[in-house]
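Coordinate inspection notes
Chain by chain, the residues:
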Amino acid sequence: MNSEAYKMFSVENKVIVITGGAGFLGMQFAKALGLAGAQIVIWDNCDFSFLQSQAVLLRQKNIKCIAQDVDLTDMVVVNKMANSVIEKFDRIDVLINNAALNPAVDSAEAEQMFSPYEKYPVDLFKKEVEVDLIGTHLCIQAAAPQMIKRRSGVILNISSEYANIAADNRIYGEGQFKSIAYIAAKSGVLGLTRGWASYLGEYGVRVNAFTPGGMPKPEVSEEFRRKYSSLNMLGRTANPGEYDGAILFLCSDASSFMTGNQLVMDGGKSAW
Ligand SMILES: NC(=O)c1ccc[n+]([C@@H]2O[C@H](COP(=O)([O-])OP(=O)(O)OC[C@H]3O[C@@H](n4cnc5c(N)ncnc54)[C@H](O)[C@@H]3O)[C@@H](O)[C@H]2O)c1
């Protein structure tokens, strides 16, 4: 393909930092953008050997990728790592704020996160907001100054369908409810997106959100998947790789006149 429109989707040689990049969606984004020629930098605070093995998987596909151990709730570490990326690669072109506390439904880690709302542990609520919302803000604070200086850059915040609509808790098990802190934090991510977009617009730095519907992790039960699928117009959950085109659009010049907004891909769920 050789059309001008096609060229607008290029991310060739762009330096792209992906927080939570070792996770389920993060790896899909890293692969899609890396195969399109971007230099990928994964930030994650998962087990260090797992983090490195995820980077190896990407490099085996000839993707330029490094992985750094970053807890994005630690402002000092985030700033240090942002500076190290800029020192090594000269710039951060794109920051994708993808990390969140989002364990698979029915997993051991998820147990407390499905508590009834009137009993939701306040410490857990604070922790989720710290990662999902404040962590996103800290990463933007660290990456934005060099984007302002260069008058160029893209920030992409991964939100959730639950930023626009409440969870239909009937799909979860008896006495289980989608984390109220997650819903609140992801809604906050949309406000953060608009606020930063307004602040950075005059420098030509764009800030958007991507709002995906459910792409359940492989370990999720068939029963849950079926219930979840019944809630949108397409009657199914998203398949792995199905968000890649949207991410390429949002990270590239194809979306050059879009800022302060969200791209929703939820199988029509929020339009019903
Ligand atoms: N999977 C879905 O169906 C779905 C739907 C809507 C939105 N999302 C959003 O997509 C993003 C990715 O979700 P996922 O399903 O891939 O989850 P995931 O749990 O596989 O990935 C999240 C990653 O974030 C990392 N992380 C958590 N806390 C961190 C911290 N303090 N510092 C650095 N890294 C940290 C985790 O280690 C993990 O690798 C999340 O923002 C989630 O809210 C996912």
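Report follows, based on the coordinates. What you see is a predicted model; the values in this text were computed from it and never measured.

Turning our attention to the environment of Ala 181. In this structure, Ala 181 sits in helix H6 (residues 180–200). On the basis of relative accessible area, Ala 181 is assigned to the buried category, the value being 0%. For the pair Ala 181 and Phe 125, spaced 56 residues apart in sequence, the C-alpha to C-alpha distance is 5.1 Å. Filtering out sequence-adjacent residues up to four positions away, Ala 181 remains in contact with Tyr 120, Phe 125 and Glu 128.

This paragraph deals with a negative patch on the surface. A cluster of like negative charges, contributed by Asp 69, Asp 71, Asp 74 and Glu 130, occupies part of the molecular surface. Relative to the helices and strands, Asp 74 resides in the loop between strand S3 (64–69) and helix H4 (75–89).

Here we take up the pairing of strand S2 (residues 39–44). Within S2, 6 of the 6 residues are buried, leaving the element largely enclosed by the surrounding structure. Summarising the sheet, strand S1 (residues 15–19) and S2 pair through 5 bridges and their orientation is parallel. The partner of Val 15 across the bridge, within S2, is Gln 39. Traced from S1 through helix H2 (residues 24–35) to S2, the parallel crossover comes out right-handed. Judged from the 6 bridges that link them, S2 and S3 form a sheet pairing that is parallel. The residue bridging Gln 39 from the neighbouring strand is Lys 64, located in S3. Once you follow S2 into helix H3 (residues 48–59) and on to S3, the crossover reads as right-handed.

Conventions adopted
Residues numbered from 1 in each chain as written. Predicted model: local features only at pLDDT ≥ 70, side-chain atom pairs only at ≥ 80, totals over all residues. Heavy atoms only, no water. Helix = DSSP H or I, 4+ residues; strand = E, 2+ residues; numbered from the N terminus. Buried < 20%, exposed > 50% of the residue type's maximum accessible area, 1.4 Å probe, protein only. Contact = heavy atoms within 4.5 Å. Patch = residues over 30% accessible without salt bridge, like charges linked within 9 Å, V, L, I, M, F, W, Y side chains within 5 Å. Areas by Shrake-Rupley, 256 points an atom, 1.4 Å probe, with all protein chains shown as cover. Salt bridge = Lys/Arg side-chain N within 4 Å of Asp/Glu carboxyl O. Lys, Arg positive; Asp, Glu negative; His and termini not counted. Charge placed at Lys NZ, Arg CZ, Asp CG, Glu CD. Pairing = 2+ DSSP bridges. Right-handed = clockwise from strand over helix to strand, strands pointing away.

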